[in-house]
Amino acid sequence: MLEAVLQFLVAAALIVVAGTFLTRYADAIADLTGFGRLLVGSILLAGATSLPELTVDISAVRLGNPDLAVGDLMGSSLFNLLILAFLDLSRKSRGRMFSHAVVAHALSATASILLAALAATAILLAPRLTGAALGSVGLGTIAIIVAYAFCIRLIFYDQRVSAQHSEAAEQEVLIPAGGLKLWQASLGFAVAAAVIVATGPFLAEAADELAELSGLGGTFVGTTLVALCTSLPELVACITALRMGAFDLAVGNIFGSNAFNMVLLFPLDLVHASPVLASVSPNHAITALATVVVTSVAIMGQLYQVEKRIRFLEPDAALVIVLVMAVLGALYYLR
């Protein structure tokens, strides 16, 4: 038991260090390419900080624990929103994440809602869609991939138009890339991402052992303990980005990671003998639908314009935290 805990903690620490460098190189790439922090955060950084989920969950599926894998993806999305809420509460000045100032992120947030809803639907309909697959890839996973490609296209064109017509975008001041050249920033980004990929299997192995020894089961451990640790890159990335003043990079990373988490169901299908969403507990649909609800609250918080909000009743970070904690409590009860 002690050996598994130590392995788990060491792997998590390596992910934290790599996540810090990942954010700094992503910001340099946004600066050097001119793509902007919102686009780089929603796609490039989001994909990279989701690498722990990829490596951990593929390892979990190969170990014969698909519930641990899917629980990690769904739970990681909830923990990402929890990160967003706590960081919002930590900001007492302007530029809060649940404010009209970040309404540009509503599109990527809506994309994550769409993909989570598709995943929940696929899980609930799995008993009725037995045999409806393309090899080992389920129809639900195919729908998620198609929807993600469509959403990325929307975000890309939306940001391109915004960059052309918005004075705010034209006046955005990016922190200099620190003397780095594009190839150096890209190489550093790739190395940090490789460290995260290499660490993932060790985290999955330790988590699988802890799930067995604790008796809590793969669904609950995957949705809580593993999801918390695989969300560490997002946490580190957001904190680092905020300290650098890269606000769009932080918010874009959270919503982009949640969307990318659902895309990772595709490689899980490839390594599993059958569609993975048809092989897991229906409780995962609860987590996916909870992500839909909590993300909707976050979007309302961005759109809602008011001087002062009533905490826990109106859409803000406090309500997000309460909702996430309630879902985790329900999952513990249903484990």
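Residues numbered from 1 in each chain as written. Predicted model: local features only at pLDDT ≥ 70, side-chain atom pairs only at ≥ 80, totals over all residues. Heavy atoms only, no water.

**Q** In this structure, what is going on with the overall build of the chain? I would like to understand it.
**A** Helix and strand content of the chain: 14 helices and two strands. Within the span of the chain, comprising 335 residues, buried residues form 54% of the whole. Taking the intrachain contacts of the chain between residues at least 6 apart in sequence as the baseline, contacts between residues at least 24 apart amount to 83%. Carbon together with sulfur atoms contributes 67% to the accessible area of the chain, which is approximately 14,700 Å² in total. (Helix = DSSP H or I, 4+ residues; strand = E, 2+ residues; numbered from the N terminus. Buried < 20%, exposed > 50% of the residue type's maximum accessible area, 1.4 Å probe, protein only. Contact = heavy atoms within 4.5 Å. Areas by Shrake-Rupley, 256 points an atom, 1.4 Å probe, with all protein chains shown as cover.)

**Q** Where do I start with the packing of helix H5 (residues 106-125) against helix H11 (residues 247-263) in this structure?
**A** Packed helix pairs are specified by the crossing angle of their axes together with the interaxial distance, meaning the distance between the axes. Taken N-terminus to C-terminus, the directions of H5 and H11 make an angle of 25°; their axes are 8 Å apart at the nearest point. Viewed along their axes, H5 and H11 adopt a mutual orientation that is roughly parallel. Once H5 is placed against H11, the crossing between them reads as left-handed. Of H11, the residues touching H5 (which contributes Ser108, Ala109, Ser112, Leu115, Ala116 and Ala119) are Phe255, Asn258, Ala259 and Met262. Residue composition of the contact of H5 with H11, grouped by class: seven nonpolar, three polar and no charged. (Axes fitted to C-alpha atoms, helices over the stretch in contact; angles between N-to-C directions. Parallel < 35°, antiparallel > 145°, perpendicular 65-115°, else oblique. Left-handed = near helix turned anticlockwise from the far one by under 90°. Nonpolar A, V, L, I, M, F, W, Y, C, P; charged D, E, K, R; others polar.)

**Q** Which parts of the structure should I look at to understand the packing of helix H4 (residues 66-90) against helix H14 (residues 317-334)?
**A** The N-to-C vectors of H4 and H14 enclose an angle of 150°; their axes lie 9 Å apart at closest approach. Read as a crossing pair, H4 and H14 show a hand that is left-handed. Contacts between H4 and H14 pair Leu78, Phe79, Leu81, Leu82, Ala85, Phe86, Asp88 and Leu89 from the former with Ala317, Ala318, Val320, Ile321, Val324, Met325, Val327 and Leu328 from the latter. Per-class residue counts for the contact of H4 with H14 are 15 nonpolar, no polar and one charged.

**Q** It is not clear to me how a nonpolar patch on the surface should be interpreted in this structure. Could you clarify?
**A** A cluster of nonpolar side chains, Val10, Leu14, Trp183, Leu187, Val191 and Val195, forms an exposed patch at the surface whose accessible area comes to about 580 Å². Among the elements of the structure, helix H1 (2-33) and helix H8 (182-214) are those that each provide at least two residues to the nonpolar patch. With four residues, H8 is the largest single contributor of residues to the nonpolar patch. Position of Val10 relative to the elements: it lies in helix H1. When its relative accessible area of 52% is taken as the criterion, Val10 is described as exposed. (Patch = residues over 30% accessible without salt bridge, like charges linked within 9 Å, V, L, I, M, F, W, Y side chains within 5 Å. Salt bridge = Lys/Arg side-chain N within 4 Å of Asp/Glu carboxyl O.)

**Q** Can you walk me through H5 in this structure?
**A** Every α-helical turn comprises 3.6 residues, leaving residues that sit three or four positions apart pointing alike. Under the 1.5 Å per step criterion, the end-to-end length of H5 is 28 Å for 20 residues, consistent within 8% with the ideal 28 Å. The set of residues buried in H5 consists of Ala106, Ser108, Ala109, Ala111, Ser112, Ile113, Leu115, Ala116, Ala119, Ala120, Ala122 and Ile123. (Expected span 1.5 Å × (residues − 1).)

**Q** Would you explain empty space enclosed by the protein in this entry?
**A** Counted by the stated rule, this structure contains two cavities of 30 Å³ or more. Each pocket or cavity is described by its volume, and for the largest cavity that value is around 60 Å³. As for the largest cavity, its lining consists of Ser42, Ser108, Ala111, Leu115, Tyr148, Cys151, Ile152, Ile155, Phe255, Gly256 and Ala259. Secondary-structure elements contributing two or more residues to the lining of the largest cavity are H5, helix H6 (139-165) and H11. In terms of residue count, H6 provides more of the lining of the largest cavity than any other element does, four residues in total. Classifying every residue of the lining of the largest cavity by side-chain character gives eight nonpolar, three polar and no charged. (1 Å grid on protein atoms, 1.4 Å probe; cavity = no way out; pocket = protein on both sides within 12 Å on 5 of 7 lines; lining within 4 Å. Points joined across faces, edges and corners; volume = space filled by probe spheres on them.)

**Q** Whenever I open this one, the nonpolar core confuses me. Can you help?
**A** Here is a general trend for soluble globular proteins: nonpolar side chains tend to be buried in one another's company. Counting residues in hydrophobic clusters, the biggest one holds 53 residues, and the most contacted among them are Leu22, Leu45, Phe189, Phe255 and Val324. Val324 has contacts with Leu78, Leu82 and Val294, leaving out every residue within four places of it along the chain. Ranked by size, the runner-up nonpolar core spans 27 residues in total, among them Ala259, Val263, Leu265 and Val280. (Core = buried A, V, L, I, M, F, W, Y, C linked by side-chain atoms within 4.5 Å.)

**Q** Is there a simple way to explain the environment of Gly64 in this structure?
**A** The residue Gly64 is located in the loop between helix H3 (51-62) and H4 in this model. The class of Gly64 is exposed, set by a relative accessible area of 57%.

**Q** Sorry, what's going on with the confidence of the model for the chain here?
**A** A low pLDDT score tells you not to read the predicted coordinates there in detail. Mean pLDDT over the chain: 79, with 79% of residues reaching 70 or higher. Under a pLDDT of 50 for its full length, residues 167-176 has, in the predicted model, 16 contacts with residues more than four places off or in other chains. (pLDDT = per-residue confidence, 0-100.)

**Q** Teacher, can you tell me more about the packing of aromatic side chains here?
**A** The description of an aromatic ring pair uses the distance of the two centres, along with the angle that the planes make with each other. Applying the stated criterion across every chain yields a total of one aromatic pair. Between Tyr148 and Phe260, the aromatic rings sit 6.1 Å apart at their centres with planes inclined by 70°, giving edge-to-face as the arrangement. With a gap of 112 residues between them, Tyr148 in helix H6 and Phe260 in helix H11 connect regions that are remote in the sequence. For Tyr148, a relative accessible area of 14% puts it in the buried group. (Phe/Tyr/Trp six-rings, centres within 6.5 Å; stacked < 30°, edge-to-face > 60°.)

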